[in-house]
Amino acid sequence: MYNLTAKDLQYKWEALSYGKAQTILRFTRESASDVKAQIQREMQAKNASSVSKSAATGFVRGKFANSAKFAGVNAKGLTGPLKAAAQPPKALFGGMASVPVKLEQDFDGPIASSSRVTFVGQKEARQNRAYRYMYETLGERSDTLDAQLDGFGELILKNYRDILQLGHPGVFSEESCVVVGRIVLDAEASGSGIKLNDQSLILESSRSHGDGLRVPLQLAPDLKIRGGYKGLGGVGLFPGAVVALKGRNGGGGYFIASEILAIPPMPASPAPPSNVAASFDMCIACGPFTPDANLDYKPWRTLISNLKTSKPAVVLLLGPFVDATHAHIQNGMVDETPSDIFKHQFIAPLRDFLSQSPTSTVLLVPSVNDIISDHAVFPQCELDDEFRGDPRIRLLPNPARFSLNEISFAVCSVDVLYHLRKEEYFRRGQEVDSIVCEPEAASDPMSNLSRYVLQQRSFYPIFPVSLDVAHEVNLDVSHSAELRVAESPDDPGPDVMVLPSRLKHFSKVVDNSVVINPSYLTKGTYATLSYSGQGTGFPKDRISADIARLP
């Protein structure tokens, strides 16, 4: 009836089961009806496409819809995306298009080939991350911020055994106590555009340990740093940083800290068993993928050409893919919809790559600047399934936590390193009861910035977002649970953390994690990573990461 060979039928079933369950299930009698329904849907779609070609009218943001490029254009006589762009606003902005365009499911290669890596991602369904934003209440925000402080308070009590309870920073006391709070910038004392300094520190407490009060904070001249890595020489402070302080409120209206208790570092992951079959290689690249002057995507085309030669087991791409801030997009200087640009420039080349390397896996992480994403806040859910195009292309949220062959990854496309660098105030002090490690902990600026993310257990520990960079990240505080670097404060840190930034690219070991900043592909750099499954050391000792340049 459907004129299919046994081999074609096998491919149909493997593709269907892999797309639903991310694994190849056993064929049963119930499976036959599912395959039949899928074949009928494909035939109907093919017949419909032969009658008329529908235009992609995906979600449009920014100035695209009101651009001079399409203003006043009569739809009569136009075809394709130009006709869709010339439709009345209702056709463009009524959610998704009334006639959605889906990628043709004409996979040329064996799409169900077993991957060289075992991928384990977040278990929650997409709808849990595709939350309604701009609906959070002040109560939800305060509850989230309080829960964060209380969680760190428990962590401090658990790791510093000589501390029996936490104190109240706003209560007069003649004896020293330990308090946990959040660093806040005193805007009145500092003035506009002034960074954090000794005179502008305020400590904000939770409602359970300090009635939610904000108390001016002073750091003693002979400040001590307790429990940090030996050789760091001090501690970094920034708005939103959670700190543990030892001192007292002498009744002068402020809390004076004589000692800063370092936030305990994240423990190392257990050493995985030696298994040569667990080895894999990986390519990591971050957008923008095309320069500001055009939408030719020349750097991306060069990279995909290299990938077809090297055939890495995993390709990790971080947005923006179609940048909403690009001049051509904002001014409407395009002949395709953003959805079509993404499918043409990324999905089609990636499917071609996967046809040549059928055992590879592609991971896509969006950016808040991606015009193809209908979720313009951070944390951000993954792209819609219409952009998948192949079962081996996995769509991940931003930020994302996942594992490959039991090696854990933490990935974020927001430039948190640059934001931390702008807000950081490094306060030096005398080291006490320091953690001694071999080799000595890295203390360069890039390592310190990465360490803040790890110690604060958050992909974006700054709060509130500075006005200078507020246009780069629309932070939704009430969903900060999605920003956790690990599930709980006691969980091991990620083996690999990818933090793209406009700052200088680097790859280095920070504490127990390999931290990579591949920079932007438009700067001509990306990262390569290889993991040696054979060995007995910790993951950081068996991972090799390098920064590569486009030819």
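Placed above this text is the structure.
Here the structure is a predicted model, which is why all the values come from computation and not from measurement.

1. Notes on helix H6 (residues 138-159)
Then, in step 1: Between the first and last C-alpha of H6 there are 32 Å, a value that for 22 residues agrees with the 32 Å anticipated at 1.5 Å per step.
Then, in step 2: Within H6, burial applies to Leu-145, Asp-146, Leu-149, Phe-152, Gly-153, Leu-155 and Ile-156.
Then, in step 3: Elements that come into contact with the buried residues of H6 comprise strand S2 (177-185), strand S3 (201-204), helix H8 (207-210), strand S6 (242-248) and helix H13 (445-455).

2. Considering the pairing of S3
Then, in step 1: Here S3 shows a buried face lined by Leu-201 and Leu-203 and a second buried face lined by Ile-202 and Glu-204.
Then, in step 2: Note: S2 against S3, four bridges, orientation antiparallel. Among the inter-strand pairings, Leu-185 is bridged to a residue of S3, identified as Leu-201.
Then, in step 3: Here S3 pairs with strand S4 (residues 214-226) via three bridges, running antiparallel. Looking across to S4, one finds that Ile-202 is bridged to Pro-216.

3. Regarding the nonpolar core
Then, in step 1: Core analysis: the biggest nonpolar cluster contains 54 residues, and Leu-217, Leu-245, Phe-378 and Tyr-460 have the highest contact counts within it.
Then, in step 2: If we ignore the near neighbours within four places in the chain, the residues touching Tyr-460 are Phe-378, Val-414, Val-416, His-419, Val-465, Val-469, Val-473, Leu-475 and Leu-483.
Then, in step 3: Grouped together as the second largest cluster of nonpolar side chains are 35 residues, Val-334, Phe-353, Val-362 and Leu-383 included.

4. Quick notes on the sheet that holds strand S18 (residues 513-517)
Then, in step 1: In space, the six strands of this open sheet follow the order S1-S12-S13-S16-S18-S17, with mixed pairing throughout. Either end of the sheet is taken by a strand with one partner, and the two such strands are strand S1 (119-120) and strand S17 (506-510).
Then, in step 2: For S1 and strand S12 (residues 400-404), the ladder comprises two bridges, and the chain directions are antiparallel. Of the residues in S12, the one forming a bridge with Val-120 is Ser-403.

About the criteria used
Residues numbered from 1 in each chain as written. Predicted model: local features only at pLDDT ≥ 70, side-chain atom pairs only at ≥ 80, totals over all residues. Heavy atoms only, no water. Helix = DSSP H or I, 4+ residues; strand = E, 2+ residues; numbered from the N terminus. Expected span 1.5 Å × (residues − 1). Buried < 20%, exposed > 50% of the residue type's maximum accessible area, 1.4 Å probe, protein only. Contact = heavy atoms within 4.5 Å. Pairing = 2+ DSSP bridges. Core = buried A, V, L, I, M, F, W, Y, C linked by side-chain atoms within 4.5 Å.

Nothing here speaks to function; it is all geometry.
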